[in-house]
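Observations on the three-dimensional arrangement
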Amino acid sequence: MNNDAIGVFDSGVGGLTAVMELNKLLPNENIIYFGDTARIPYGSRSRETVIKYAHEDIAFLRKHKIKMIIAACGTVSSVIGTNSLVDDMPFTGVLLPTAQAACSSTKNGKIGVIGTSATIRSGSFAKAIKTIRPNTSVYGNACPLFVHLVENGYTDRDNKVTKLVAEEYLAPIKAEGVDTLILGCTHYPLLEDIIADYMGDSVTLISSGKEAAKYAEICLMERNLLTDRTEKGTNKFYVSDSIELFEENARHFLRSEVVGDVFSSNE
Ligand code: DGL
């Protein structure tokens, strides 16, 4: 048993998809979240810069009492591949849990992956999937505009601009006949309706944030690190840019108020 918090980080609000899932699965756990909102997007940066930022994000989380770290960012997870960024506590990115879920889901062995430019450039999802299920075909496409559309609230199912952009990005993947599509960026679940409408009912969407949260639960359980608290846990959010902007974005993102207190990481 361990009552310390679970540390979660992302470049912005995207990792909240993992937090929402953690709140559902492990309601008594405390969560410390760091969103590096001053430096988003990570997805258009070099490998070296992404790794440097990830180490800095972890150093910030370590100022708090934490028992596990989740890199709830598709970009960080892909750039580091299957490596851990810490050696003294459990760590997971979104890569392996998501690849495993996609391999279990696909029936025809054709999996699509969408993510930021850095994520697709790394080739990590294809590599992880082929290690788990060698005969799988993987079709990737970078969708750099999606993060900006999400951050600007262009997420309604009927949004013409987002629908057009989605068609442009998804057409080549749909043409390959995939039956499973990895949302390899934690921002993309907010576009799930538009993506699902375009891809059709026969395609299963896998949310990377959700899969990382499920994986974290198993990880803590296996190591006997779950809390024995019986009351509801708390969420604390730290951001490197404006608290107000984060709250506004998160409201769009979650389609509800942020449950928890938001602090500046600079104080
Ligand atoms: N949350 C990031 C990811 O999952 C996307 C935003 C960014 O580019 O930093 O890749």
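Once a new chain begins, its residue numbering starts again from 1 and follows that chain's sequence as written. Residues qualify for local features only when their pLDDT is at least 70, as the model is predicted, and side-chain atom pairs are given and counted only at 80 or more; totals for whole chains, interfaces and linings, by contrast, use all residues. Only heavy atoms go into the side-chain values, all of them from the structure, while hydrogens and water stay out.

1. Here's the deal with the site of the ligand
Around the ligand sit 14 residues, and of these Ser-11, Tyr-42, Gly-43, Gly-74 and Thr-75 come closest. Under the rule applied, a polar contact is a pair of N or O atoms within 3.5 Å (in protein, one hydrogen donor and one hydrogen acceptor; residues adjacent in sequence only if both atoms are side-chain atoms). Here Tyr-42 contributes a backbone N or O atom positioned 2.6 Å from an oxygen atom of the ligand. Gly-43 has a polar backbone atom sitting 2.8 Å from an oxygen atom of the ligand. The Shrake-Rupley method, run with a 1.4 Å probe, gives the accessible areas here. Residue values count only the displayed protein chains as cover. Coverage of the ligand by the protein amounts to 99% of the 300 Å² it exposes when considered alone. For the shell around the ligand, the class distribution of residues is six nonpolar, seven polar and one charged. If even one non-hydrogen atom of a residue comes within 4 Å of a molecule or strand, that residue is called near it. Nonpolar residues are Ala, Val, Leu, Ile, Met, Phe, Trp, Tyr, Cys and Pro. Charged residues are Asp, Glu, Lys and Arg, and all others, Gly as well, are polar.

2. Quick look at the pattern of salt bridges
The term salt bridge refers to a side-chain nitrogen of Lys or Arg lying within 4 Å of a carboxyl oxygen of Asp or Glu. Evaluation of the coordinates by the stated rule reveals nine salt bridges. Among the ionic pairs, Asp-57 bridges to Arg-39, the shortest N-O distance being 3.9 Å. Of this pair, Asp-57 sits in helix 2 (residues 47-61) while Arg-39 sits in the loop between strand 2 (31-35) and helix 2, placing them 18 residues apart in sequence. Residue class for Arg-39 comes out partly exposed when judged on its relative accessible area of 21%. Salt-bridge contacts for Lys-214 lead to Glu-211; the nearest nitrogen and oxygen are separated by 3.2 Å. With a gap of three residues between them, Lys-214 and Glu-211 both fall in helix 10 (residues 208-222), about one helical turn apart. To sort residues, take the accessible area from a 1.4 Å probe on protein chains only and compare it with the maximum for the residue type: under 20% means buried, over 50% means exposed, and anything in between is partly exposed. With a relative accessible area of 34%, Lys-214 lands in the partly exposed category. The class of Glu-211 is buried, set by a relative accessible area of 12%. Secondary structure elements are taken from DSSP: a helix is a run of H or I of four residues or more, a strand is a run of E of two residues or more, and numbering for both begins at the N terminus.

3. Considering helix 11 (residues 243-254)
The span expected for a helix works out to 1.5 Å for each residue beyond the first. With 12 residues, helix 11 ought to run about 16 Å at 1.5 Å a step, and its terminal C-alpha atoms sit 16 Å apart, in line with that. Taken as a whole, helix 11 has its buried residues at Phe-246, Asn-249, Ala-250, Phe-253 and Leu-254. With its buried residues spanning 120 degrees around the axis, helix 11 presents them on a single face. By definition in these notes, contact holds between two residues if any of their heavy atoms fall within 4.5 Å. Contact partners of the buried residues in helix 11: helix 1 (16-25), strand 2, helix 7 (144-151), strand 9 (235-239) and strand 10 (261-264). Here, the arc refers to the directions that run from the helix axis to the C-beta atoms.

4. A closer look at the sheet that holds strand 2
The pairing criterion is simple: DSSP has to find at least two bridges between the two strands. The parallel open sheet is built from six strands, whose spatial order is 4-3-1-2-9-10. Strands at the two margins of the open sheet, each flanked by one partner only, are strand 4 (91-92) and strand 10. Judged from the two bridges that link them, strand 3 (residues 66-71) and strand 4 form a sheet pairing that is parallel. By the bridge assignment, Ile-70 is partnered in strand 4 with Thr-92. The axes used here are C-alpha line fits, helices contributing only the stretch in contact, and every angle between their N-to-C directions lies in the interval 0 to 180 degrees. Relative to the sheet, helix 2 contacts strand 1 (5-10), strand 2, strand 3, strand 4 and strand 9, its axis offset from that of strand 1 by approximately 150 degrees.

5. Some details on the packing of helix 1 against helix 10
Put simply, helix 1 and helix 10 touch, their axes get as near as 7 Å, and they point 40 degrees apart. By the angle class used here, helix 1 and helix 10 are oblique. In this structure, helix 1 crosses over helix 10, and the sense of that crossing is right-handed. Counted together, Thr-17, Ala-18, Glu-21, Leu-22 and Leu-25 of helix 1 and Gly-209, Lys-210, Ala-213, Lys-214, Ala-216 and Glu-217 of helix 10 form the full contact between these two elements. Roughly parallel means an angle under 35 degrees; roughly antiparallel, over 145; roughly perpendicular, 65 to 115; everything else is oblique. Helix crossings fall into two classes, left-handed where the near helix is turned counterclockwise from the far one by less than a right angle and right-handed where it is turned clockwise.

6. Some details on the packing of helix 4 (residues 95-105) against helix 10
For the pair helix 4 and helix 10, interaxial distance at closest approach is 8 Å and the crossing angle is 105 degrees. With respect to helix 10, the axis of helix 4 lies roughly perpendicular. For the pair formed by helix 4 and helix 10, the contact residues are Pro-97, Thr-98, Gln-100 and Ala-101 on the first element and Ser-208, Glu-211, Ala-212 and Tyr-215 on the second. Within the contact of helix 4 with helix 10, the residues separate by chemical class into four nonpolar, three polar and one charged.

7. Focus: the state of the cysteines
In this description, the term disulfide denotes a pair of cysteine sulfurs within 2.5 Å. Summed over the entire model, instances satisfying the criterion amount to zero disulfides. In this structure Cys-185 is a free cysteine whose sulfur lies 7.1 Å from that of Cys-73, the closest cysteine sulfur available. Take Cys-219: it sits in no disulfide, and the sulfur closest to it among the cysteines is that of Cys-73, at 19 Å.

8. Here we look at the nonpolar core
We call a set of buried residues a nonpolar core when its members are Ala, Val, Leu, Ile, Met, Phe, Trp, Tyr or Cys and they connect through side-chain atoms within 4.5 Å of each other. By size, the foremost hydrophobic cluster in this structure holds 63 residues, and its most contacted members are Leu-16, Ile-114, Phe-146, Leu-181 and Ile-195. Not counting residues within four places of it along the chain, the set of residues in contact with Phe-146 comprises Ile-114, Val-165, Ala-166, Tyr-169, Tyr-188, Leu-191 and Ile-195. Formed by 24 residues, the second largest nonpolar core is a distinct cluster that contains Ile-32, Ala-54, Ile-58 and Val-79.

9. A few points about the sheet that holds strand 6 (residues 137-142)
On the basis of which strands lie adjacent, the open sheet formed by four strands has the order 6-5-7-8 and parallel pairing. Whereas interior strands pair on both sides, the edge strands pair on one side only; in this sheet they are strand 6 and strand 8 (204-207). Neighbour to neighbour, the strand axes of the sheet diverge by 20 degrees on average, direction disregarded. Bridge analysis of strand 5 (residues 110-115) against strand 7 (residues 180-183) gives four bridges, and the strand direction is parallel. Residue Val-113 lies in a different strand from strand 7, and its bridge partner there is Ile-182. On top of the sheet, helix 10 reaches strand 7 and strand 8; it is set at about 60 degrees to strand 8, its chief contact.

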